[in-house]
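A look at the structure
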Amino acid sequence: PIITCTDSISSCNPLILYTNPSATDDCSLVNITQTDSTGLTSGSTFPTGMTVITYTAEDEIGNTANCDIYIDIYEPVVIDAGPDLTIEEGESIIIDATVTNGTNINWTPNFNMDNPYTEDPTVNPTFSTMYYLEAESPDGCLGIDSVIVFVTQVNELIINNIITPNGDGKNETWNINKPRSLSGCPVSIYNRWGKIV
């Protein structure tokens, strides 16, 4: 018999569909069976790396012929964008992501982000935002994951009214919980006697 297998397959997707072999014979009918020990057929999920599927054609008088299908599954990109995060309005936070077997890292959307091309960017969104992390393997496989940074709105403007920058570790800095709310406003600091400092 003459048996014909489909061409070799290389894929990022481990779920593989292929056309089963066909066979002809001059003398009689031909029976085609899969004779490898993998147990994997068209429609199966294949492991990473090379798998060889072997089919055998046999005619009625015992003549046989074989053919192989080579299926190469590329190593996937594994991405974990990290757990969802919560910050208060005006704060920033580092997204702690991990990427395995991936390059060409890209975060979207990239506004309010210091570097969209690194695993661990610092973000300071003004509202709750879902960020998507994409990366590509050397074989061209793509991976994607997402993380949400929730932004809690602080309704009350809190400004501490004491600052004593004298090196004793107390009230050294002047903090405002919603600095964006003062954007464009003049700010003055006075001493206890009402003199501007």
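It should be noted that the structure appears before, not after, this text.
Let me sum up the structure you'll find in this document.

Cut-offs applied
Residues numbered from 1 in each chain as written. Predicted model: local features only at pLDDT ≥ 70, side-chain atom pairs only at ≥ 80, totals over all residues. Heavy atoms only, no water. Phe/Tyr/Trp six-rings, centres within 6.5 Å; stacked < 30°, edge-to-face > 60°. Helix = DSSP H or I, 4+ residues; strand = E, 2+ residues; numbered from the N terminus. Buried < 20%, exposed > 50% of the residue type's maximum accessible area, 1.4 Å probe, protein only. Pairing = 2+ DSSP bridges. Axes fitted to C-alpha atoms, helices over the stretch in contact; angles between N-to-C directions.

Any pair of aromatic rings gets described here by the distance separating the centres and the angle formed by the planes. This structure, assessed with the given rule, holds 1 aromatic pair. On the numbers, 6.3 Å between centres and 40 degrees between planes, the contact of Phe111 with Phe127 is tilted. Taken together, the positions of Phe111 in the loop between strand 11 (103-108) and strand 12 (122-123) and Phe127 in the loop between strand 12 and strand 13 (129-136) put the pair 16 residues apart, joining distant regions of the chain. We classify Phe111 as partly exposed; its relative accessible area is 37%. A residue is classified by how much of its surface remains accessible, and Phe127, at 45% relative accessible area, is partly exposed.

Residue placement: Thr103 occurs in strand 11. The partly exposed category is assigned to Thr103, whose relative accessible area is 44%.

Take the pairing of strand 6 (residues 64-73) next. Here strand 2 (residues 9-11) pairs with strand 6 via 3 bridges, running parallel. In the strand pairing of strand 6, Ile9 is matched with Ile71. As paired elements, strand 5 (residues 49-59) and strand 6 share 10 bridges and run antiparallel to each other. For Thr54, the partnering residue across the bridge sits in strand 6 and is Asp68. Hairpin connection of strand 5 to strand 6: 4 residues between the antiparallel strands, including Gly62 at a positive phi of 95 degrees.

Strand order in the open sheet formed by 4 strands is 8-14-13-11, with mixed pairing between adjacent strands. For this open sheet the edge positions go to strand 8 (85-88) and strand 11, each flanked by a neighbour on one side alone. The mean inter-strand angle of the sheet, taken between neighbouring strand axes irrespective of direction, is 25 degrees. Bridge analysis of strand 8 against strand 14 (residues 142-152) gives 4 bridges, and the strand direction is parallel. Bridging across to strand 14, Thr86 finds its partner in Phe150.

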